[in-house]
There are 2 protein chains.
Amino acid sequence: MKQITIYDIARLANVSVATVSRVINGTAPVKHSTRERIEALIQQYQFQPNAMARSLLKKETGIIGIIVPDLTNPFYTEVLSGAEQEALTTGHTFLLTNSVGDYQKESQYLSIMREKRVDGMIFLGGRINLRNGNETLDQELIQHANTIPTVLINGTVKGNAITRVATDEYAGTCMAVQHLIDNGHEHIAFLGGEMHMSTTSNKLRAFKKTLKDAGLQVREEWILPDSFSIDSGRGLMHKLLELRKKPTAVMCINDFVAIGAIKTAVDHGLFIPDDMSIVGFDDIPLAHHFIPEITTVSQEANELGRTAIRVLQKLMNREKVKKHTVIEPKLMLRKSSAPFR
Amino acid sequence: MKQITIYDIARLANVSVATVSRVINGTAPVKHSTRERIEALIQQYQFQPNAMARSLLKKETGIIGIIVPDLTNPFYTEVLSGAEQEALTTGHTFLLTNSVGDYQKESQYLSIMREKRVDGMIFLGGRINLRNGNETLDQELIQHANTIPTVLINGTVKGNAITRVATDEYAGTCMAVQHLIDNGHEHIAFLGGEMHMSTTSNKLRAFKKTLKDAGLQVREEWILPDSFSIDSGRGLMHKLLELRKKPTAVMCINDFVAIGAIKTAVDHGLFIPDDMSIVGFDDIPLAHHFIPEITTVSQEANELGRTAIRVLQKLMNREKVKKHTVIEPKLMLRKSSAPFR
DNA sequence: ATGAAAGCGCTAACAT
DNA sequence: ATGTTAGCGCTTTCAT
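Rules used in this analysis
The numbering scheme is per chain: residues are counted from 1 as the chain's sequence reads. All chains are assigned letters beginning at A, and all ligands numbers beginning at 1, according to the order in which they are written. Local features in a predicted model are, by the rule used here, given only for residues with pLDDT of at least 70; side-chain atom pairs are given and counted only at 80 or more, and totals for whole chains, interfaces and linings are based on all residues. For the side-chain quantities, the full set of heavy atoms in the structure was used; hydrogens and water were omitted. Least-squares fitting of one copy onto the other uses the C-alpha atoms of those residues that reach a pLDDT of at least 70 in both copies. Contacts between residues were defined by any pair of non-hydrogen atoms, one from each residue, lying within 4.5 Å. Each axis is a line fitted through C-alpha atoms, and for a helix only the stretch in contact is used; angles between axes span 0 to 180 degrees, taken between their N-to-C directions. Strands here are runs of E lasting at least two residues and helices are runs of H or I lasting at least four, both read from the DSSP assignment and numbered beginning at the N terminus. When describing relative orientation, an angle under 35 degrees is termed roughly parallel and one over 145 degrees roughly antiparallel, while 65 to 115 degrees is termed roughly perpendicular and anything else oblique. Helix crossings fall into two classes, left-handed where the near helix is turned counterclockwise from the far one by less than a right angle and right-handed where it is turned clockwise. Note on pairing: DSSP must find at least two bridges between two strands before they are called paired. Whether a residue is near a molecule or strand depends on its heavy atoms: if one lies within 4 Å, it is near. What qualifies as a polar contact is a pair of N or O atoms within 3.5 Å, subject to a donor-acceptor requirement within protein and to the restriction that residues adjacent in sequence count only when both atoms come from side chains. When residues are grouped by polarity, Ala, Val, Leu, Ile, Met, Phe, Trp, Tyr, Cys and Pro land in nonpolar, Asp, Glu, Lys and Arg in charged, and all others, Gly among them, in polar. Note: buried area is the sum, over both parts, of the accessible area (probe 1.4 Å) each one loses when the two are combined. For this document, the term salt bridge refers to a Lys or Arg side-chain nitrogen within 4 Å of an Asp or Glu carboxyl oxygen. Exposed residues in this analysis have more than 50% of their type's maximum accessible area, buried residues have under 20%, and partly exposed residues fall in between, with area computed by a 1.4 Å probe over protein chains only. The handedness of a crossover follows from its direction of travel: if, with the strands pointing away from the viewer, the path from the first strand over the helix to the second runs clockwise, the crossover is right-handed.

**Brief notes about the relation of the copies chain A and chain B**
Here's step 1: It takes a turn of 180° to lay chain A on chain B, together with a shift of 0.0 Å along the axis; the resulting RMSD is 0.1 Å. Taken together, the rotation and translation describe the operation of a two-fold axis. For chain A, the minimum C-alpha distance to the rotation axis belongs to L95(A) and amounts to 2.2 Å.
Here's step 2: A share of 100% of the interface residues of chain A reappears at the interface of chain B, consistent with the copies meeting face to face through the same patch.

**Quick notes on the packing of helix 1 (residues 6-13) of chain A against helix 3 (residues 32-45) of chain A**
All names here are of chain A.
Here's step 1: With their axes 10 Å apart at the nearest point, helix 1 and helix 3 run at an angle of 130° to one another. In terms of axis orientation, helix 1 runs oblique to helix 3. Between helix 1 and helix 3 lies a crossing of right-handed hand. Contacts between helix 1 and helix 3 involve I9, L12 and A13 from the former and R37, I38, L41, I42 and Y45 from the latter.

**Quick look at the sheet that holds strand 8 (residues 249-252) of chain A**
Residue and element names in this part refer to chain A.
Here's step 1: As summarised here, the arrangement of the four strands in space is 7-6-8-9, forming an open sheet in which the pairing is parallel. Each of the sheet's edge strands pairs with one partner strand only, and the pair in question is strand 7 (223-224) and strand 9 (277-279).
Here's step 2: In terms of strand pairing, strand 6 (residues 188-191) meets strand 7 through two bridges, oriented parallel. If you follow F190 over to strand 7, its bridge partner there is I223.
Here's step 3: On top of the sheet, helix 8 (residues 169-182) reaches strand 6, strand 8 and strand 9; it is set at about 170° to strand 8, its chief contact.
Here's step 4: Against the sheet, helix 9 (residues 198-213) engages strand 6, strand 7 and strand 8, with an angle of about 175° to strand 6.

**What about the protein's contact with DNA strand D?**
Here's step 1: Near DNA strand D lie 27 residues; those nearest to it are I6(A), T19(B), R22(B), P29(B) and K31(B).
Here's step 2: Of all atoms in DNA strand D that approach within 4 Å of the protein, 62% are sugar or phosphate atoms.
Here's step 3: In the model, a phosphate oxygen of DNA strand D is placed 2.9 Å from a nitrogen or oxygen of the S21(A) side chain.
Here's step 4: The contact in question runs from a phosphate oxygen of DNA strand D to an N or O atom on the backbone of S16(B), over 2.7 Å.
Here's step 5: When contributions to the surface near DNA strand D are tallied by element, the ones reaching two or more residues are helix 1, helix 2 (17-25) and helix 4 (51-58) of chain A together with helix 2 (17-25) and helix 4 (51-58) of chain B.
Here's step 6: For the surface near DNA strand D, the residue count by class is 13 nonpolar, eight polar and six charged.

**What about the packing of helix 1 (residues 6-13) of chain B against helix 2 of chain B?**
Residue and element names in this part refer to chain B.
Here's step 1: Contact geometry for helix 1 and helix 2: axes closest at 8 Å, N-to-C directions at 105°. The angle between helix 1 and helix 2 places the two elements in the roughly perpendicular class. Each of I6, Y7, I9 and A10 in helix 1 lies in contact with helix 2, whose residues at this interface are V17, V20, S21 and I24.
Here's step 2: Here the residues of the contact of helix 1 with helix 2 sort into seven nonpolar, one polar and no charged.

**A closer look at the interface of chain A and chain B**
Here's step 1: The interface of chain A with chain B comprises 52 residues on the first partner and 53 residues on the second.
Here's step 2: Summing both sides of the interface, chain A and chain B together bury roughly 5100 Å²; the carbon and sulfur share of this comes to 59%.
Here's step 3: The largest per-residue losses of area from chain A upon contact with chain B belong to Q48(A), M52(A) and R117(A), which jointly make up 14% of the total buried on that side.
Here's step 4: Inspection of the chain A/chain B interface yields two salt bridges.
Here's step 5: The shortest N-O distance in the salt bridge between E293(B) and K263(A) comes to 2.6 Å.
Here's step 6: Here chain A is connected to chain B by 18 residue pairs in polar contact (both at pLDDT 80 or more).
Here's step 7: Its residues assigned to classes, the side of chain A that touches chain B comprises 22 nonpolar, 19 polar and eleven charged.
Here's step 8: Here strand 2 (residues 93-98) of chain A runs beside strand 2 (residues 93-98) of chain B; their pairing, made up of three bridges, is antiparallel. When the sheet's bridge partners are listed, F94(A) is paired in strand 2 of chain B with L96(B).

**Comments concerning the pairing of strand 11 (residues 324-327) of chain A**
All names here are of chain A.
Here's step 1: The alternating pattern of strand 11 places T325 and I327 on a buried face and H324 and V326 on a face that is not buried.
Here's step 2: Across four bridges, strand 5 (residues 164-167) lies against strand 11 in parallel orientation. If you follow R164 over to strand 11, its bridge partner there is H324.

**Examining the pairing of strand 6 of chain A**
Residue and element names in this part refer to chain A.
Here's step 1: Residues of strand 6 alternate between two faces, with I188 and F190 on one and A189 and L191 on the opposite face, all of them buried.
Here's step 2: Note: strand 6 against strand 8, four bridges, orientation parallel. Paired with F190 across the two strands is M251, which belongs to strand 8.
Here's step 3: Traced from strand 6 through helix 9 to strand 7, the parallel crossover comes out right-handed.

**Overview of the protein's contact with DNA strand C**
Here's step 1: Around DNA strand C, the surrounding shell holds 27 residues, and the nearest of these are S16(A), R22(A), P29(A), K31(A) and I6(B).
Here's step 2: A breakdown of the atoms of DNA strand C within 4 Å of the protein gives sugar and phosphate a share of 65%.
Here's step 3: The backbone of A53(B) places a nitrogen or oxygen atom 3.2 Å from a base nitrogen of DNA strand C.
Here's step 4: Every element with two or more residues in the surface near DNA strand C is listed here: helix 2 and helix 4 of chain A together with helix 1, helix 2 and helix 4 of chain B.
Here's step 5: A breakdown of the residues in the surface near DNA strand C according to their chemical character gives 13 nonpolar, eight polar and six charged.

Structure, rendered in structure tokens:
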């Protein structure tokens, strides 16, 4: 099954490879008759130029490398989907890798991207979400970003050395907590997240600040980090319901935790939102299909992905870009939150 | 930012490029001292061989092309995730494209895969799920599959000309419907799906057959195709509830439709499963987190992805493979179905 | 309008 | 153990 090359076409058409190249790329005028002869041959033999060979000298691959931490998380796939739509406009395709948040895999994939000479890179999750960063990991990433145009989504590295696009999680959390306060809630808990992740500390800071500004007390026993999963939400709500003094509203680190929390609350005979208001974060598609529909903060995931690619495209064109693009979150008022009483 | 090449390293180490190539690939013994010298240089300059150049003569890219119809659909990402894990074992990376079920995009992406000389291809959705196929589209795909090892997931082309891996949707549907019958339901509806898709006709055939074998009547007004979305499920349940004679159980084309159906039913004051049993298909992660947890047929999406890659790996190694690998579905008994009355 | 030939960065015979 | 060299399939001067 030998692949047919430009030489084969040239020989069959009785022209040089240069001429064939010209008709393929339209880089120079070619006599009508010979052009037609060549085009017919290309059609007939289903000839497709070898992108490797071309990339080798053009130094462009048309590929954007993407590193995501979890392909089954709807938030990331939504970002991916937006990015894909935008990348289409410049004909770029994705080399996709799934790091599972494993730093070693991230390193491995960074190498692969370099070897394959991707035109640009998008990085999500993992090392760029560490609360205190990690010198070595950051250095490695920065070095890659020096060779390959790179955009970080919802994260950063030491010294904010790499271009990034991010939702304003702090503002988003403030909006959500304020919404609860405006509804008369004075006893509000915070559920989920891992303390060593920047997301968690950002949201928690916003949470505390908003309570304080409203003159409300921050009760440490109502601040329960753990992780980001539905199961985590279930367990945490369990803990909350065992407390002597219970909150009337709960802010969750994300929609998964909110779903878990609601499930457990419902299992315990509570009515949501009548007995307790619960709000999430992310606005995954499921959030507005769940029963009850979940009040949450939209990260505009699709837009986040699109924007990241737009910024990356500029970067690849050597245009000037803002080091930091902020996407404003939106509060999505739905059915899992209600006025107190 | 000129990329450093093997020539640069060779010059700096006072050896020939061949020697450098040898230490990089370990293809021949190199004197300890020179090896160390070279390795140090590689480290120092962060040299990474250009995969394009290598691929050009090895005729291997280490890339598997994937065409999916919808990146935001949890079923597909679950398949993708399984595939990714398996591909990792042979160091393959994914060139991912999102066809949105658009045949023209599929064609475009097929071309890209050819140009980029991917080592293999996985194809999901779109043209391979057409009930009656499409001569031209099939021909195109078959032609590509002749050059590039290709595996179809849950679909086929004319004459089953391409290797495929698929869930037994027919058997899965039979299991689910039989489960309803075993629970005393005699009035069962079928919701969702588009009639021109093979999935729909396969499941519908199974549905009718199972009812008939149980001596039950198939009522055409209870067979309501439409599409595969949550909104579709909502609309269809709406229609169902307007009927004079209502079913006591519903088989849905997939979990999305089931979710929509449940939502509408609940909105209308029905209790699920007490007033009506509803079962889905796919077992997306959400299915067992929904309230109520949804009885459904697991497609073993992760396993489906893994298997497809395993088959593809054999294909790429020119090993002999079965033209058709079947994945057996599993019935997941949960809370959205219950005995009649 | 077309052709000849150099070169992109690497590997693998073939020599030494 | 190491070097020389011929490609891999293409684009792009530079000639003609």
